[in-house]
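Given next are the chains, with one letter for each unit.
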Amino acid sequence: MNAHNKKHPVKTSLFASKAPLEWAIINNGTLYTAQIPIDQTGAVVEGGIEAQTRQTFSNLIHTLECAGESLDSVLQVMIYVTDREYLKTVNNVYAEYFNAPYPNRAAIVVAGLAREEMLVEFVVYAAATDPTA
């Protein structure tokens, strides 16, 4: 495998998951990440969908900054919510963070997420400078 095809983890100060995952990986000019509404202790934040969406954005921004990128680098967002009614709130918060041209996106309503108390999760793809380039 040449260096161009090697994945590179992004070092963040997000809570270290016990699951076998990285918070973000860069490969071939793309950053791949999934972000959830957890605080520095790994607890899902309280306060409902707005608080969870803002925490998820905070974690996303932190991850992007650790990779030398910003929200302007985001190409696509897949938003997962556990109730269709949450989409209005998520859209309102989303509009505060992103400017035109907006990332491509999809919104998916699911029966549940990995942690029962989670109401929202983002899967994000962003343009990124490969650390070995």
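Nothing here was measured: the structure is a model prediction, and the numbers come from that model.

(A) Spatial organisation of the pairing of strand 4 (residues 74-81). In this structure, strand 4 lies alongside strand 6 (residues 120-127), joined through 7 bridges in antiparallel fashion. By the bridge assignment for strand 6, Gln-76 is matched with Tyr-125. Sheet analysis places strand 4 next to strand 5 (residues 104-109), joined by 6 bridges and oriented parallel. In the sheet register, Met-78 faces strand 5, and the bridge partner there is Ala-106.

(B) Focus on the pairing of strand 6. Counting buried positions over the 8 residues of strand 6 gives 6, a clear majority of the element. Two strands pair when backbone bridges link them, and strand 3 (residues 30-35) and strand 6 are joined in this way by 6 bridges, in the antiparallel orientation. If you follow Tyr-32 over to strand 6, its bridge partner there is Tyr-125.

(C) Molecular detail of the nonpolar core. In this structure, Leu-31, Val-74, Val-77, Ile-79 and Phe-122 are the most contacted members of the largest nonpolar core, which totals 25 residues. When residues of this core are traced back to their parent elements, those giving at least two are strand 2 (24-27), helix 1 (48-66), strand 4, helix 2 (86-97) and strand 6. Sequence-distant contacts of Leu-31, defined by excluding residues within four places in its chain, comprise Val-10, Ala-24, Ile-25, Ile-26, Leu-64, Ala-67, Val-124, Tyr-125, Ala-126 and Ala-128. If you look at the next biggest cluster of nonpolar residues, it comprises 8 residues, including Leu-14, Trp-23, Ile-38 and Val-44.

(D) Representation of the side chain of Thr-63 in the model. Looking at where Thr-63 falls in the secondary structure, it is placed in helix 1. When its relative accessible area of 0% is taken as the criterion, Thr-63 is described as buried. Among the polar contacts made by the side chain of Thr-63, one reaches the side chain of Gln-35 at a distance of 3.1 Å. Engagement of the side chain of Thr-63 in a polar contact is seen with the backbone oxygen of Asn-59, the distance being 2.9 Å. In this view, Thr-63 contacts Val-10, Thr-12, Leu-14, Trp-23, Ala-24, Thr-33 and Gln-35; residues no more than four positions away in its chain are not counted.

(E) Quick peek at the packing of helix 1 against helix 2. Between helix 1 and helix 2, whose axes approach to 9 Å, the crossing angle comes to 40 degrees. Two packed elements cross with a definite hand, and for helix 1 against helix 2 that hand is right-handed. Only Tyr-86, Thr-89, Val-90, Val-93, Tyr-94, Glu-96 and Tyr-97 of helix 2 make contact with helix 1, whose side of the interface consists of Ile-49, Glu-50, Thr-53, Arg-54, Phe-57 and Ile-61. Considered class by class, the residues forming the contact of helix 1 with helix 2 number 8 nonpolar, 2 polar and 3 charged.

(F) Representation of the pattern of salt bridges within the structure. Inspection of every chain in the model, using the stated rule, returns 3 salt bridges. Glu-117 is the salt-bridge partner of Arg-115, the closest N and O atoms lying 3.7 Å from each other. Here Arg-115 falls in the partly exposed class, since its relative accessible area comes to 29%. Among the ionic contacts, a cluster of salt bridges with common partners joins Glu-50, Arg-54 and Glu-96.

The rules we used
- Residues numbered from 1 in each chain as written.
- Predicted model: local features only at pLDDT ≥ 70, side-chain atom pairs only at ≥ 80, totals over all residues.
- Heavy atoms only, no water.
- Pairing = 2+ DSSP bridges.
- Helix = DSSP H or I, 4+ residues; strand = E, 2+ residues; numbered from the N terminus.
- Buried < 20%, exposed > 50% of the residue type's maximum accessible area, 1.4 Å probe, protein only.
- Core = buried A, V, L, I, M, F, W, Y, C linked by side-chain atoms within 4.5 Å.
- Contact = heavy atoms within 4.5 Å.
- Polar contact = N/O pair within 3.5 Å; in protein donor to acceptor, adjacent residues only side chain to side chain.
- Axes fitted to C-alpha atoms, helices over the stretch in contact; angles between N-to-C directions.
- Left-handed = near helix turned anticlockwise from the far one by under 90°.
- Nonpolar A, V, L, I, M, F, W, Y, C, P; charged D, E, K, R; others polar.
- Salt bridge = Lys/Arg side-chain N within 4 Å of Asp/Glu carboxyl O.

That is the geometry; function is a separate question.
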